[in-house]
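Each chain, written out:
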Number of protein chains: 2
Amino acid sequence: MTNDRRRILAVDDEEDILEILSFNLSGEGYKVDTCISAEEALRKDLSGYDLFLLDVMMGPISGFRLAEKIRKELALTTPVIFLTARDSENDRITGFNLGADDYLAKPFSIRELSARVKAILRRSSPEQVTMETVAGDFTVDTANKLIYSEGVPLELTRKEYEILALFICNAGKIFSRNDILSKVWGDEVIVTDRTVDVTIARIRKKMGEKGNMIKNKSGYGYYFGD
Amino acid sequence: MTNDRRRILAVDDEEDILEILSFNLSGEGYKVDTCISAEEALRKDLSGYDLFLLDVMMGPISGFRLAEKIRKELALTTPVIFLTARDSENDRITGFNLGADDYLAKPFSIRELSARVKAILRRSSPEQVTMETVAGDFTVDTANKLIYSEGVPLELTRKEYEILALFICNAGKIFSRNDILSKVWGDEVIVTDRTVDVTIARIRKKMGEKGNMIKNKSGYGYYFGD
DNA sequence: CATATTTGTAACAATTTTGTAACCTGAATG
DNA sequence: CATTCAGGTTACAAAATTGTTACAAATATG
């Protein structure tokens, strides 16, 4: 997957929270660094992170102010999720002006946390300008979200593109319906697994005669191959 | 369905709640067991479940304490969803440390329930592992559910694959029909033991000349070897 | 806000897999 | 020998899985 070990920086003045964040997100495969204060965070090189988790209420420099510095002084567009106990309109407004990508009100559940993190990171995928070419004259252009079949671009919708890209980039590997749902739809969204079948039918149709390159292994799932 | 019949254990001291949970989740295709107390739950073999739904407020042993035992004493990483009427900071914190995967505040809607259950089970499923190579030019690829004979993949169905994988990974070991039924079909499914013979005949045929590598020791069972 | 696209679901059809019964073989039993 | 028993095979039916279509719901677009 696109997951090249995404890096997350969590800043909170409560040791407990930092540990919870670190433990759980590490378990999900992220590389997590923590800071006990905004000051400590500002002494680090913040350019290498893919996401910031900032507590709003912290010592002398609040999460809002820290985000402001990150955005304006450091000119980073890295996504930010604020952790906050408060839930007032004002907080929200301030947060949005600083470009908050999401809020997580404490207390939050682990599931809630990782779902949002995953969603945000997926949305803001780094999009390397890579071009991966694979079996059977299929080319995936991840930068432009295009898949070429023998040089001709397929007219795929978003979900269709993501599934086919997943398949082509992992040719031969079997994906169960759940794998696909989790990677393409994400864990927050709840849809029937038959949705996968229908979407794949649509992709196959758009692929024309090449459609049979998406194989199904009964009882296990789908995969791409000759 | 791809659902390998996920098993859920619901523990709550209210009979009504248990019935609601059981009825609705069964209807969604899950196998649901229920316990009216933590003590009762602890008397069961808890290792076979895919998810625990635990009421927080119960008799002498609370849901939190039960989860703690499950995690620490039984060393299970099975996901847990707490059912709770309370929603205070303390509850949440306690839950975190025990690795709660989610909370569901009573009263909850059926839709909410099944959405969360589904999401949790989906995310906790992936277990793509290794490649095991074994005797007589046979290779088992457990990730893609493929078995290669001299480098050429066999076209096996689910049951066929599981039986042959079992044999190859335990070459030389004799499996009675009951062993095979238990491991491949599971203990709840009831099928004739002649079904095993038929399935093995099918595997042998697909293996071609190598088919005779599945041996039978009359009166005892089948095994794999030269 | 009206219109076009995309996405999700349900229903039904087609296909594949699985289970059973019946029949066949050969060795062991008596 | 005839008989029994275990296992091999085959053909067919039942069940499960997948493919497809049509339509409703949700989103995006102008």
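All figures in this text were calculated on a predicted structure; none of them were measured in a lab.

Conventions adopted
- Residues numbered from 1 in each chain as written.
- Chains lettered and ligands numbered in written order.
- Predicted model: local features only at pLDDT ≥ 70, side-chain atom pairs only at ≥ 80, totals over all residues.
- Heavy atoms only, no water.
- Helix = DSSP H or I, 4+ residues; strand = E, 2+ residues; numbered from the N terminus.
- Buried < 20%, exposed > 50% of the residue type's maximum accessible area, 1.4 Å probe, protein only.
- Contact = heavy atoms within 4.5 Å.
- Areas by Shrake-Rupley, 256 points an atom, 1.4 Å probe, with all protein chains shown as cover.
- Domains from an automatic or database assignment.
- Buried area = accessible area lost by both parts, 1.4 Å probe.
- Salt bridge = Lys/Arg side-chain N within 4 Å of Asp/Glu carboxyl O.
- Pairing = 2+ DSSP bridges.
- Axes fitted to C-alpha atoms, helices over the stretch in contact; angles between N-to-C directions.
- Parallel < 35°, antiparallel > 145°, perpendicular 65-115°, else oblique.
- Nonpolar A, V, L, I, M, F, W, Y, C, P; charged D, E, K, R; others polar.
- Core = buried A, V, L, I, M, F, W, Y, C linked by side-chain atoms within 4.5 Å.
- Phe/Tyr/Trp six-rings, centres within 6.5 Å; stacked < 30°, edge-to-face > 60°.
- Lys NZ or Arg CZ within 6 Å of the ring centre and 35° of its normal.
- Expected span 1.5 Å × (residues − 1).
- Arc of directions from axis to C-beta.
- Near = heavy atom within 4 Å.
- Polar contact = N/O pair within 3.5 Å; in protein donor to acceptor, adjacent residues only side chain to side chain.

## Side note on the overall build of chain A
Here is step 1 of the chain: Looking only at helices and strands, one finds 8 helices and 11 strands in chain A.
Here is step 2 of the chain: Residues classed as buried in chain A amount to 49% of the 226 residues present.
Here is step 3 of the chain: Put simply, 54% of the contacts in chain A that link residues at least 6 apart link residues at least 24 apart.
Here is step 4 of the chain: When the accessible surface of chain A is split by element, carbon and sulfur atoms take 48% of a total near 10,600 Å².

## Focus: the domain arrangement of chain A
All names here are of chain A.
Here is step 1 of the chain: In terms of domain boundaries, chain A breaks down into domain 1 (3-123) and domain 2 (132-224).
Here is step 2 of the chain: Every contact between the two is made by 5 residues of domain 1 and, on the other side, 7 residues of domain 2.
Here is step 3 of the chain: Together domain 1 and domain 2 conceal approximately 450 Å² of surface at their shared face, both sides included; 37% is due to carbon and sulfur atoms.
Here is step 4 of the chain: On the surface where domain 1 and domain 2 come into contact, there are 0 salt bridges.

## A word on the pairing of strand β10 (residues 214-217) of chain B
Residue and element names in this part refer to chain B.
Here is step 1 of the chain: With 4 bridges joining them, β10 and strand β11 (residues 221-224) adopt antiparallel strand pairing. Bridge pairing in β11 places Ile214 opposite Phe224.
Here is step 2 of the chain: Here β10 hands over to β11 after 3 residues, with Gly219 in that stretch at a positive phi of 90 degrees.

## What to know about the packing of helix α6 (residues 158-169) of chain B against helix α8 (residues 194-207) of chain B
Packed helices, taken two at a time, are described by their axes: the angle between them and the distance between them.
Residue and element names in this part refer to chain B.
Here is step 1 of the chain: In contact at an axis separation of 10 Å, α6 and α8 are set at 80 degrees when each is read in the N-to-C sense. Accordingly, the angle class assigned to the pair α6 and α8 is roughly perpendicular. On α8, the residues that touch Lys159, Glu160, Ile163, Leu164 and Phe167 of α6 are Thr199, Ile200, Arg202, Ile203, Lys206 and Met207.
Here is step 2 of the chain: A breakdown of the residues in the contact of α6 with α8 according to their chemical character gives 6 nonpolar, 1 polar and 4 charged.

## Description of the nonpolar core
Here is step 1 of the chain: Counting 27 residues, the largest nonpolar core has Ile147, Leu164, Phe167, Ile180, Ile214 and Phe224 of chain B as its most contacted members.
Here is step 2 of the chain: Secondary-structure elements contributing two or more residues to this core are β7 (138-141), α6, α7 (177-185), α8 and β11 of chain B.
Here is step 3 of the chain: The element best represented in this core is α6 of chain B, accounting for 7 residues.
Here is step 4 of the chain: Ignoring sequence-local partners within four residues, the contact set of Ile180 of chain B consists of Ile163, Phe167, Phe175, Trp185, Val196, Ile200 and Tyr222 of chain B.
Here is step 5 of the chain: Residues Ala165, Ile168, Tyr222 and Phe224 of chain A belong to the second largest nonpolar core, which totals 26 residues.

## Overview of the packing of aromatic side chains
Here is step 1 of the chain: Scanning the model with the defined rule gives 9 aromatic pairs over all chains in all.
Here is step 2 of the chain: Both rings, one in Phe138 of chain A and one in Phe224 of chain A, keep their centres 5.6 Å apart while their planes meet at 85 degrees; by these two values the pair is edge-to-face. Pair noted here: Phe138 of chain A is in strand β7 (residues 138-141) and Phe224 of chain A is in strand β11 (residues 221-224), with a separation of 86 residues, a long-range link.
Here is step 3 of the chain: Measuring from ring centre to ring centre gives 5.9 Å for Tyr49 of chain B and Phe52 of chain B, while their planes differ by 50 degrees; the resulting arrangement is tilted.
Here is step 4 of the chain: The exposure class of Phe52 of chain B is buried, given its relative accessible area of 0%.
Here is step 5 of the chain: Lying over the aromatic face of Tyr49 of chain B, Arg7 of chain B brings its terminal NZ or CZ to 4.7 Å of the ring centre.

## Brief notes about the packing of α7 of chain B against α8 of chain B
All names here are of chain B.
Here is step 1 of the chain: Their axes nearest at 9 Å, the elements α7 and α8 cross at an angle of 80 degrees. When the interaxial angle is binned, α7 and α8 end up roughly perpendicular. Across from Arg177, Ile180, Leu181 and Trp185 in α7, the residues of α8 making contact are Thr195, Val196, Asp197, Thr199 and Ile200.
Here is step 2 of the chain: Here the residues of the contact of α7 with α8 are counted per class, giving 5 nonpolar, 2 polar and 2 charged.

## Quick word on the environment of Gly63 of chain B
All names here are of chain B.
Here is step 1 of the chain: Looking at the element boundaries, Gly63 is found in helix α3 (residues 63-73).
Here is step 2 of the chain: Look at Gly63 and you get buried, because its relative accessible area is 0%.
Here is step 3 of the chain: It is 17 Å that separates the C-alpha atoms of Gly63 and Asp50, two residues lying 13 residues apart in sequence.
Here is step 4 of the chain: For Gly63, the contacting residues outside a window of four places in its chain are Leu54, Asp55, Val56, Met58 and Phe82.

## Re α8 of chain B
Residues and elements named next belong to chain B.
Here is step 1 of the chain: Here α8 spans 20 Å end to end across 14 residues, near enough to the 20 Å set by a 1.5 Å rise per residue.
Here is step 2 of the chain: Among the residues of α8, Val196, Asp197, Thr199, Ile200, Ile203 and Met207 are the ones counted as buried. The buried residues of α8 occupy one face: seen down the axis, they fall within an arc of 165 degrees. Pointing more than 90 degrees away from the buried face of α8 are the exposed residues Arg194 and Lys205.
Here is step 3 of the chain: The inward-facing, buried residues of α8 abut β7, α6, α7, β10 and β11.

## Focus: the protein's contact with DNA strand C
Here is step 1 of the chain: Close to DNA strand C lie 19 residues, the nearest being Thr157 and Arg202 of chain A together with Thr157, Trp185 and Arg202 of chain B.
Here is step 2 of the chain: Each atom of DNA strand C within 4 Å of the protein belongs either to a base or to sugar and phosphate, the latter forming 63%.
Here is step 3 of the chain: Here a phosphate oxygen of DNA strand C sits 2.8 Å away from a polar atom, N or O, in the side chain of Trp185 of chain A.
Here is step 4 of the chain: When contributions to the surface near DNA strand C are tallied by element, the ones reaching two or more residues are α6 (158-169) and α8 (194-207) of chain A together with α6 and α8 of chain B.
Here is step 5 of the chain: A class-by-class count of the residues in the surface near DNA strand C yields 6 nonpolar, 7 polar and 6 charged.

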